[in-house]
Amino acid sequence: MASKFWTQSDSGSEEERQSSYDSDPENEEDTPAEPTNTAVGNRYLQQNASDSDDSEEQKRVIRSAKDKRFEEMSATIDQIKNAIKINDWVSLQDSFDKINKQLDKVMRVTESERVPNLYIKALVILEDFLTQALANKDAKKKMSSSNAKALNSMKQKLKKNNKQYEYLISKYREKPESEEVSSEEEDDSDEETVSEPRDDESKVGSDSGSDTDNNIHNRDVHDPDMIKKKDKFMDKEFKKDPRDITWDTVNKKLKEVVAARGRKGTGRVELVEQLSFLTRVAKTPAQKLEILFTVVSAQFDINPGLSGHMPINVWKKCVDNMLAILDILNQYPNIVVNDMVEPDENETQKGADYNGTIRVWGNLIAYLERIDAEFFKSLQCIDPHTKEFVERLRDEPLFLVLAQNVQDYLEKTGNMKAAAKVALKRVELVYYKPQEVYDAMRKLADLSEERDDVESEAEESKWSDEQRAPPSFVVVPEVVPRKPTFPESSRVFMDTLVSLIYKYGDERTKARAMLCDIYHHALLDEFSTSRDLLLMSHLQDNIQIMDISTQILYNRAMAQLGLSAFRNGLFTEGHSCLSELYSAGRVRELIAQGVSQSRYHEKTPEQERLERRRQMPYHMHINLELLEAVHLTCAMLLEVPNMAANTVDSKRRVISKTFRRFFEISERQILMGPPENVRDHVMAATRALSQGDYQKAFDLITSLQVWKLLKNKDAVFQMLKDKIKEEALRTYLFSYATSYSSLALDQLSKMFGLSESTTHSIVNKMMISEELHASWDQPTRCIVFHDVGLSRLQALAFQLTDKLSILAESNERAVETKFGSGLGGGGLDGLPLRRRDAGDYAAAVGSGGGGNRWQDSQSYNQGRQGGSTTGRYGGGGRSFGPGQTSGGGGGYSRDRTGQTRGTSSYGGRHSYQSGSSKMDSSARMVSLSRGIR
Amino acid sequence: MANPAPIRSFLQAAKAEEVAPALRVVQMEGLAILKIIKHCKEFSPALVTGQLLGLDVGSVLEVTNCFPFPNREDDEELEAEGANYQLEMMRCLREVNVDNNTVGWYQSTLLGSYQTVELIETFMNYQENIKRCVCIIYDPSKSNQGVLALKALKLSDSFMELYRSNNFTGEKLREKNLTWVDIFEEIPIKVSNSPLISACMTELEADTPVAQGDLDRLQLSTKPFMERNLEFLMECMDDMSQEQQKFQYHYRNIARQQTQQQAWLQKRRAENMARKAAGEEPSPEEDPSNPIFKLIAEPSRLETFLLTNQISNYCNQINGVAGLSFNRLYLMKALHEN
């Protein structure tokens, strides 16, 4: 194509040879106005005819300058000739450098890529002389040292330089003044004229591919090897009469090209070029389809290596090809794509009018998934802060169109399972988008379509450049829409797709769709819906055995669930969702938003690479700072009253270990600076809150910048403020109850700015849950405190029992590890009995909590004794996580942890839950999810 | 505390020839007891030690006198001085014609927390020089409650044998049939006074029906004692858990090693099959040089044994005190009702 220019000798017509990527503004402007040309003698560019006036003008203006350059060049060549005569390599070297410089100038002036023949001539002369000089050993020996040195360097330079023009040189050698080349071209042109209009037609609509092609061309142009090869290939095809091209020739050619694939020395890009050329000459739709499949898979091959991504232009072309495939498939419903059976050799020979089914080998879903993976990878690799990233994101609708069409097609052909898979791909592109982003994407899709309409005109001319190749024999109109259709709201979009998946998808697809659904619900502030979905689907039971990317999705869904709970003012739930993510300090890794450095564990490069491949692209990130702020705030609200309640033995009931650790660290600091990061803010707020200064705590928390990322921020702040006041009141009562003998209600409510009824209810809750040993004195509206503190001896006794149970448990396990394998699970009569006891006990307490329906609305403790005993068992279970257990004991103790967790949460932390059964399972949900990675 | 014990009584030397009869009773002179009590009580929270002097007569070990060791703060410097002091002291005592035959040592303790590795080491030290020695343990805190908390201990022979070989694996212990109870042997103490002193005491005895000890015994406040006991008990539990973790770790290691060995063996067998097929000599299935076949040393059980002893000691004390307290409380209740 572009390479055809090279063979032209007529330097005068150079100006016209501007391909669309040349940056001549004039030409750019012209083209849109240009109607698609009809059969013009010149087959190279359609616009040439009307363009010629302009170019004539141009020529006239610059002719003198050009001539000057040429004169200079010929002068240099004379110099070279002189130097050759006297065998002066030093001056020859200078002249050579000079001529190279001049070449640049000439090229600039003539505004073409074509190297003047004059230059080639000089090169040939030089080369000849060089070989001559090298052959003459005696003369070489006689040379002066500087001369010999110059000779050697000349040898190198010339070799390097000539490589670029190898083809031209050989051509020049063949026919020193190659005027006749143009005539040869004339021969071909009639062939061209016939097909031109059709070609245009078929390509008009396929948008955006054009600049892609140009890029490729740009690259090709600089690669002489490729040009040569391609040229040969094309020439061969061109020389044929179009009527001579039969199915067989194409088929043979295809086999040949496919066989060359993957072989050493076969350029990948070039392969794609050849194949896409073949698609045009394909005789039957089925054959075209077959070739298109090969093209797509060849395009996948362009980028080797797993880490890099496919070049974007290739990707776009790939999508276009896929759309073309779908066009064919929709046009000819009798063609069936299948990858299960190897179809008959000559299956594709059957023409468009053939009525039976035609089987073509190919796998639409695999290709689609690959395209999706490439898109994902490119987003991973591109720096998110560049314009490139945004540009890339704009291609998303393009993929959505493709996915939509593939899905439609699959649904039409009844392959619902595959359709569900495709639907999942679409879901995965949309689930993380809040409504606003979704709207933006919709608008973008509309816009890009309009823009395409405008541009398509302009692009036609560009297209035509490469359409010089023969047009396709099989023309398929665009059947499938090129524009995505989106429902109004993202929820509707999700619902339709997800229900399809639930109906037809396989296990993994369903699980992923479910997680996306949960995520999306959570994103839309529908906490209860998404939580119910999560609990009903029992995903948390078997998430550990799923693949890592699903686990990441699960973690992301959990994180989003936590954020959603926070926005809804459900701080306890929010904490239980998030605490698991933060327990190991590897949030980044868990939600795949960066690699966390481990101090003790060096990762192998292999692991690191794998991890990097799992990373989420930037636009899908959940803001980590916000996540941390939410987690710590939730933990603070739960932990501060808890710490105040258990001053004697603070270690016994820890709600959030992470929070405790942070707090201890910040307590140990000698100098307290103003808070800087999220953690500092929350810690400062914690200190304020534990002193009862709720206002300061609130101010500190709200001074964080990240909150601006929060939807309906003000409402959340209001809730947060109320909650902080409440917790401040509780903390105050816990800490100072012992110092009072009575306390007036109005005093309390004034102190914390709470209404009297709220204060009353909080105090009531504390009394009933026996966190506060007090009673109301109704007439005076006072709280009367009873002094029923534990004596030290009692406290010690409690601690001792804790320790004893730990010891007993580890003893059991030690015995199990020693004899467990030999005796089997139930071999030791004594131990299972004990286990059962403990389990029953926990269950009894649990059912007690659930059974007392009348208490549920406020949810109370089982009383001091009950609470602490369960707490103790809980303590026993908790300190030995399932991670530590081994062998037969593992299953049991994991089970047990779940149970005891459930019960211990009845003991205290549930006070503000409405449905205790709900929370029981959510506590379980969290504890079970701990096994993730 | 290397005590050379340079001078042996004639009798003892003679006894050494024969098979020594088992030690049945420790007979203590009132003087020695009082001296011990005085010394221990004066330094009460701090722990002190001293030397016991006396005679070894058949199955009875007579403790006739004792002297305290100076309070040592910095062991390094005063080590030599301490030894000199002992020698000097013994020489002086000999000059005034007191028994200067070392038969053991006494030490004070806090709530009976004496079962330590150090005690055993000291015991072994003494044992090297003196065939028969005892350790008298006095607990001032317990004595406050009106009992004479005096104990004479010695290490059991089987334990000593085991300790010398320094092999406290589970297997060895089972072989020896040694349990934690068998580490220490308590020997009954008999207090003897010369008739003269007895007569004097009777003379001095007041007419009041109750003595100071009786009054102490009636003290109702047992709380601090219980609390301390509990605290100590908890410490022991923690240590115990740690020990247990050591064992768990050990078992995990062993399990891991076994799987490694299995894998290695399988690989070797497969190799051998291949070799056999190729007609080569099979390589041995044991490879002692391979690190995975090295035996993992079992952690010593001594610590666990001592801890168990300690725990049982605390439990006994708590039981005893609790029982007594109940008695007292009932008594008081009855008195009130009257």
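Turning our eyes to something else, we now look at the confidence of the model for chain A. Per-residue confidence for chain A gives a mean pLDDT of 68; residues scoring 70 or more make up 61%. In the predicted structure, residues 821–933 of chain A sits below a pLDDT of 50 and forms 152 contacts with residues beyond four places in sequence or in another chain.

Turning next to the packing of aromatic side chains. The final tally for this structure, using the stated rule, is 21 aromatic pairs over all chains. A centroid spacing of 6.0 Å and a plane angle of 75° characterise the contact between F67(B) and F69(B), whose relative ring orientation is edge-to-face. Pairwise contacts between aromatic rings join Y694(A), Y732(A), Y736(A), Y740(A), F752(A) and F785(A) into one cluster. Sitting above the plane of the W315(A) ring, R392(A) keeps its charged end 4.3 Å from the centroid.

The subject of this paragraph is the interface of chain B and chain A. Across the boundary between the two partners, chain B contributes 15 residues, which contact 15 residues of chain A. Carbon and sulfur atoms make up 66% of the surface buried where chain B meets chain A, a total of about 1500 Å² over both sides. At the junction of chain B and chain A, the tally comes to one salt bridge. Measuring nitrogen to oxygen at the nearest pair gives 3.6 Å for the salt bridge that ties K803(A) to D238(B). At the junction of chain B and chain A, the tally comes to two residue pairs in polar contact (both at pLDDT 80 or more). In terms of residue class, the side of chain B that touches chain A is built from seven nonpolar, three polar and five charged.

What follows deals with the packing of helix α18 (residues 416–430) of chain A against helix α20 (residues 490–504) of chain A. Residue and element names in this part refer to chain A. Viewed as axis vectors pointing N to C, α18 and α20 meet at an angle of 145°, and their least axial separation amounts to 9 Å. Considering only the axes of α18 and α20, their crossing is left-handed. Residues M416, K417, A419, A420, A423, L424, R426, V427 and V430 of α18 touch α20, and the partners they reach there are F493, M494, L497, V498, L500, I501 and Y504. A per-class count over the contact of α18 with α20 returns 14 nonpolar, no polar and two charged.

Time to look at the sheet that holds strand β3 (residues 742–744) of chain A. All names here are of chain A. Reading across the sheet, the three strands line up as β3-β5-β4 and stay open at both edges, with antiparallel pairing between neighbours. Each edge of the open sheet is held by one strand with a lone partner, namely β3 and β4 (774–777). For this sheet, the mean inter-axis angle between neighbouring strands, taken without regard to orientation, is 25°. Bridging between β3 and strand β5 (residues 782–785) involves three bridges; their strand directions are antiparallel. When the sheet's bridge partners are listed, L743 is paired in β5 with I783. Here helix α34 (residues 756–768) sits on the sheet in contact with β4 and β5, set at roughly 140° to β4.

Calculation criteria
- Residues numbered from 1 in each chain as written.
- Chains lettered and ligands numbered in written order.
- Predicted model: local features only at pLDDT ≥ 70, side-chain atom pairs only at ≥ 80, totals over all residues.
- Heavy atoms only, no water.
- pLDDT = per-residue confidence, 0-100.
- Contact = heavy atoms within 4.5 Å.
- Phe/Tyr/Trp six-rings, centres within 6.5 Å; stacked < 30°, edge-to-face > 60°.
- Lys NZ or Arg CZ within 6 Å of the ring centre and 35° of its normal.
- Buried area = accessible area lost by both parts, 1.4 Å probe.
- Salt bridge = Lys/Arg side-chain N within 4 Å of Asp/Glu carboxyl O.
- Polar contact = N/O pair within 3.5 Å; in protein donor to acceptor, adjacent residues only side chain to side chain.
- Nonpolar A, V, L, I, M, F, W, Y, C, P; charged D, E, K, R; others polar.
- Axes fitted to C-alpha atoms, helices over the stretch in contact; angles between N-to-C directions.
- Helix = DSSP H or I, 4+ residues; strand = E, 2+ residues; numbered from the N terminus.
- Left-handed = near helix turned anticlockwise from the far one by under 90°.
- Pairing = 2+ DSSP bridges.

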